[in-house]
Amino acid sequence: MSGARASRSHDPVLGLAEATRRMVRLVDHLGRAESRTVEIATTPSDVVWRDGKVTLSRYRPAPAASGMVAEPHLGPLLIVHGLVGRQTMTDLEPGRSLVRRLLAAGVDTFVLDWGNATRADRLCDMTDYADYLLGDALEAAAAQSDADGNRGRAALLGICQGGVFAAVHAALYPERLKALALAVTPIDFHADIARPTPGSGHLNVWLRSLPEALVDRLIEDSGMLSGALSGAVFNGLAPARTAAKYTTDLLEIADDPDALDTFLRMEKWLADRPDQPGALARDWLVGLYRENRLVAERMLVDNRPVRLADIACPVLNILARDDHIVPPPCSRALQACLRNVAYRELEVPTGHIGVFVSRRGLDRVAPAIADLLECAA
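Conventions used here
Residues numbered from 1 in each chain as written. Predicted model: local features only at pLDDT ≥ 70, side-chain atom pairs only at ≥ 80, totals over all residues. Heavy atoms only, no water. Buried < 20%, exposed > 50% of the residue type's maximum accessible area, 1.4 Å probe, protein only. Helix = DSSP H or I, 4+ residues; strand = E, 2+ residues; numbered from the N terminus. Pairing = 2+ DSSP bridges. Phe/Tyr/Trp six-rings, centres within 6.5 Å; stacked < 30°, edge-to-face > 60°. Lys NZ or Arg CZ within 6 Å of the ring centre and 35° of its normal. Axes fitted to C-alpha atoms, helices over the stretch in contact; angles between N-to-C directions. Parallel < 35°, antiparallel > 145°, perpendicular 65-115°, else oblique. Contact = heavy atoms within 4.5 Å. Nonpolar A, V, L, I, M, F, W, Y, C, P; charged D, E, K, R; others polar. Left-handed = near helix turned anticlockwise from the far one by under 90°. Core = buried A, V, L, I, M, F, W, Y, C linked by side-chain atoms within 4.5 Å.

Visitor: Where do I start with the pairing of strand β6 (residues 107-113) in this structure?
Guide: Taken residue by residue, a regular strand's side chains alternate between the two faces of the sheet. By the criterion of burial, β6 is predominantly enclosed, with six of the seven residues buried. As judged from the four bridges shared by strand β2 (residues 54-59) and β6, these two strands associate in the antiparallel manner. Along β6, the bridge assignment pairs Arg58 with Phe110. Taken together, the five bridges between strand β3 (residues 74-80) and β6 define a ladder with parallel strand orientation. Looking across to β6, one finds that Leu78 is bridged to Phe110.

Structure follows, in C-alpha cells:
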C-alpha cells in the first residue's frame with residue numbers, strides 16, 4: 001500500500017471523503033444505467049424448436065480471428081439449466097460467456113429455456129422435465145445438427161438442478177447420449193453430513209429440516225413454489241456476504257464502469273427467478289433433499305426406477321471448490337454411482353456461479369467440455 005493510501009485509510013476524515021466521492025460516482029453510474037438497457041445473453045441465436053413455454057435455441061457459429069465463420073465440428077451440445085435460475089447465466093456478457101467460449105472451440109451449442117411456468121403447469125414434475133421435454137429437445141438438437149452434416153448423438157451439459165435432469169435422462173436412456181457433462185450438480189443430497197465442508201451446506205441442512213407438511217403449505221395457495229422465495233433463501237445463506245455486496249464491495253468498484261456493468265448484469269440475472277411447478281418442487285425438496293432418492297435408487301420417473309449406474313457415456317463432473325450452495329461432496333458422489341464409463345472430475349477454484357462467469361472458471365471449463373466432446377466423437 002502506498003504512503004498516501006495508508007495515511008488516508010487511517011484518517012477518518014479523508015476516509016469519509018473518499019467513500020463519499022465513490023458514492024457520488026456510483027450513484028451517477030447507476031443513474032445513467034437507468035436510462036439504458038443493461039443486456040445479458042446477447043450471443044446471437046435462433047429458436048429451432050418449442051413446446052408451449054419451452055424453447056430450444058441454437059447459437060450461431062462464432063466468427064474466427066480471420067473474420068470467417070468457423071463451422072462447428074463438435075457436438076451437438078445441449079445446455080440444460082434448472083428452473084431455479086435462468087439459462088442466461090452461461091452468456092452473461094461477451095467477456096464472461098461460457099457459450100462464446102464453446103462456440104470459439106467449434107462446439108455446435110444449443111440451450112433450453114424452460115420459460116415461465118404458471119399455475120397451469122403446477123402438476124408438471126420430474127418426469128415432465130427430465131424425461132419428456134428434455135428428450136424431445138435432445139431429438140430436436142440432434143436433428144438440427146444432422147441437417148448441417150454434424151452427425152451423431154447429442155451431448156448434455158447439465159447445470160445445478162438442470163444437471164439432475166441431465167443425469168436422470170442419461171440413466172433412463174443410456175443409448176441416447178454421446179457424452180454427459182455436469183456442473184455444480186447435487187447427486188447425493190446427504191453427502192455433506194458425513195463430509196461437511198466449512199462455509200457450505202447450510203441450504204442442505206435447512207431444506208432437510210423442512211417438514212413435508214410445510215413444503216405442501218409453501219406451494220398449496222398457487223400450486224407453485226415462488227421464485228422470489230427461492231431468491232430470498234439464497235440471499236439468506238450468507239447474509240454478511242450479501243450485505244457487503246451492496247455496500248463495501250460496490251463502493252470498491254465505483255471507479256470501474258466495466259465492473260459496475262458486470263455487477264448490474266449479474267443482479268439482473270439474480271432477480272429473474274421463475275416460479276417452479278408445485279409437483280416439481282415437491283420432487284426436489286422432499287424426494288431429493290429430504291429423502292435422497294436419487295442415490296438410494298428410489299427415484300421413479302415415468303414409473304421407471306432411475307439407476308445412475310446405467311449411464312453409459314463418458315462423464316465430465318465439474319465441481320466448484322468454494323461452493324456454498326452445492327457442497328463438493330454432494331457432487332463428487334457421482335463417481336461412486338457409475339460403472340464402466342470414462343469419468344473425469346474437474347474442480348474449479350471458484351464459488352457456485354463463478355464456474356460460469358469468472359475467468360478462472362471459463363479458462364478451465366470450456367476447454368474441458370470441448371475435450372470431452374472431442375474424445376466422444
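Visitor: Would you mind showing me how to read the packing of aromatic side chains here?
Guide: The way to describe two aromatic rings as a pair is by their centre distance and the angle between their planes. According to the stated counting rule, one finds six aromatic pairs in the structure shown. Here the aromatic rings of Tyr129 and Phe165 are separated by 6.0 Å at their centres, their planes lie at 15°, and the arrangement is stacked. Placement of Tyr129 in helix α4 (residues 126-147) and of Phe165 in helix α5 (residues 161-172) is noted, with a sequence separation of 36 residues between them. Among the residues examined, Tyr129 registers a relative accessible area of 5% and is labelled buried. With relative accessibility at 0%, the residue Phe165 sits in the buried group. Ring centres of Phe189 and Trp284 lie 5.5 Å apart, and the angle between their planes is 90°; this geometry places the pair in the edge-to-face category. Here Trp284 lies in helix α13 (residues 278-290) and Phe189 lies in the loop between β8 (177-183) and α6 (191-194), a separation of 95 residues in the sequence. Accessibility classification places Phe189 together with Trp284 in one group, the buried group. Put simply, the rings of Trp114, Tyr129 and Phe165 pair up and form one aromatic cluster. The cationic tip of Arg176 hangs over the ring face of Tyr173; the distance from NZ or CZ to the ring centre is 4.1 Å. The positively charged end of Arg273 is found above the aromatic ring belonging to Trp269, 5.6 Å away from the centroid.

Visitor: Looking at this structure, how should I read the packing of α5 against α13?
Guide: To characterise two packed helices, one gives the angle between the axes of the helices and the distance between these axes. One way to put it is that α5 packs onto α13 with a least axis distance of 13 Å and a crossing angle of 85°. The angle between the axes of α5 and α13 places the two elements in the roughly perpendicular class. Taken together, the residues of α13 that come into contact with α5 (itself represented by Gln161, Val164 and Phe165) are Leu280, Trp284 and Leu288. Each residue belonging to the contact of α5 with α13 can be placed in one class, and the counts come to five nonpolar, one polar and no charged.

Visitor: Hey, could you run me through the packing of helix α8 (residues 212-220) against α13 in this one?
Guide: Contact pair α8 / α13: the axes reach a minimum separation of 10 Å and the direction vectors enclose 160°. Relative to α13, α8 is oriented roughly antiparallel. When the axes of α8 and α13 are compared, the crossing they make is right-handed. Packed against α8, whose contacting residues are Glu212, Val215, Asp216 and Ile219, the element α13 presents Gly278, Ala281, Arg282, Leu285, Val286 and Arg290 at the interface.

Visitor: Looking at this model, I keep getting lost on the nonpolar core. Mind explaining?
Guide: Nonpolar side chains tend toward joint burial in soluble globular proteins. Counting residues in each nonpolar core, the largest one holds 112 residues, and the members touching the most others are Leu78, Met126, Phe165 and Leu180. Every residue in contact with Met126, bar those within four places of it in the chain, is listed here: Asp131, Val164, Phe165, Leu280, Asp283, Trp284, Leu288, Met299 and Val301.

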